[in-house]
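Residues per chain are reported as follows:
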Amino acid sequence: KHIKTGVSMILFTSLPHLLGQPSSKHKLRFYVTFWFGKWWKILLWFIWGFTTYYHINMTWKGWYGYMKGVRCTVPDDELEDLRNLGRTVQDVLESVGAPYFLLYGSLWGALRVGDVLPWDTDIDMGINKDQLKTPIKDIVRLLQEKDLSARYNTNGVINVFTKNQYESRLDIMIFSDWYGTGTMHRIGWETYFFSLYYRTQHSFPYRLVKPPLERIDFIGRKWPIPHEEKEIMKYHYPHDWWKESKPEGC
């Protein structure tokens, strides 16, 4: 502490000699600019950065919230390919006893029409990692053995595609109660970078997915869904969960 004080005093008293002998007015202006000028710039940059970060986190809705130019109905052959993909993935997850459940737009489809929504182009699912006995890499391998393109991303999602002209897509989001607070969070680096977004719109109480889960009709089979049906939507779509969102013009 004494060394730091001594160095500061030396710098303070020697600066005028190093810079010449400016007037008292110039001395005051120099010290104010030197000590406070850059800190105000840093503070302003910090405020701007945090405001931008907050805005992105709190207004981002994913593709489902920005459906301009999306087809009102998907062609039957493309929709059937998506259904087949869902059934194949379900078979793999059932074979390893994975605790999976429908989520997001696919859950809306199951609750409203018992099928994929007419304009939807993928299937969304979740898995409770805390109760998953099979390593994620092994699930990916099993999916690949079904002649599917599958990969696990560091944002905590297993992306699965068909290897044909349709390239139908299914996403498996991995959730975990990693804080032990009874709240399920998406895992992966993206959830840290956009933590406000994921904490407010992609977290939900564990009780909603505590097994056993009810099964309802979806793409010609029975699929597990979270408890209390629409309750989980209040966490995924907190601003308009009660509305039926459709593509523009449909």
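For clarity, every value in this text was computed on a predicted model and none was experimentally measured.

Novice: Please clarify how the overall build of the chain should be interpreted in this entry.
Specialist: Secondary structure assignment for the chain yields 8 helices and 9 strands. Across the 250 residues in the chain, those meeting the buried criterion constitute 40%. At a minimum sequence separation of 6, the contacts of the chain that also span at least 24 residues come to 62%. Of the roughly 14,900 Å² of accessible surface on the chain, 60% is carried by carbon and sulfur atoms.

Novice: Looking at this structure, I do not really get the pairing of strand β4 (residues 157-162). What am I missing?
Specialist: A regular strand places its side chains on the two faces of the sheet in alternate fashion. Burial within β4 is extensive, with 6 of its 6 residues counted as buried. Burial along β4 is two-sided: the residues V157, N159 and F161 and I158, V160 and T162 are all buried. As judged from the 6 bridges shared by strand β3 (residues 148-153) and β4, these two strands associate in the antiparallel manner. Within the sheet, the bridge partner assigned to L148 lies in β4 and is T162. Between β3 and β4, which pair antiparallel in sequence order, lie 3 residues; one of them, G156, sits at a positive phi of approximately 80°. With 5 bridges joining them, β4 and strand β5 (residues 169-176) adopt antiparallel strand pairing.

Novice: Before we go on, may I ask you to explain helix α3 (residues 76-95) in this structure?
Specialist: Residues three or four positions apart in an α-helix share a direction because the helix packs 3.6 residues into each turn. Look at α3: 29 Å from first C-alpha to last across 20 residues, which is about the 28 Å you get at 1.5 Å a residue. Listing the buried residues of α3 in full gives E78, L79, D81, L82, R83, L85, G86, R87, V89, Q90, V92 and L93. Just downstream of α3 lies G97, where phi reads positive at about 65°.

Reading the values: the criteria
Residues numbered from 1 in each chain as written. Predicted model: local features only at pLDDT ≥ 70, side-chain atom pairs only at ≥ 80, totals over all residues. Heavy atoms only, no water. Helix = DSSP H or I, 4+ residues; strand = E, 2+ residues; numbered from the N terminus. Buried < 20%, exposed > 50% of the residue type's maximum accessible area, 1.4 Å probe, protein only. Contact = heavy atoms within 4.5 Å. Areas by Shrake-Rupley, 256 points an atom, 1.4 Å probe, with all protein chains shown as cover. Pairing = 2+ DSSP bridges. Expected span 1.5 Å × (residues − 1).

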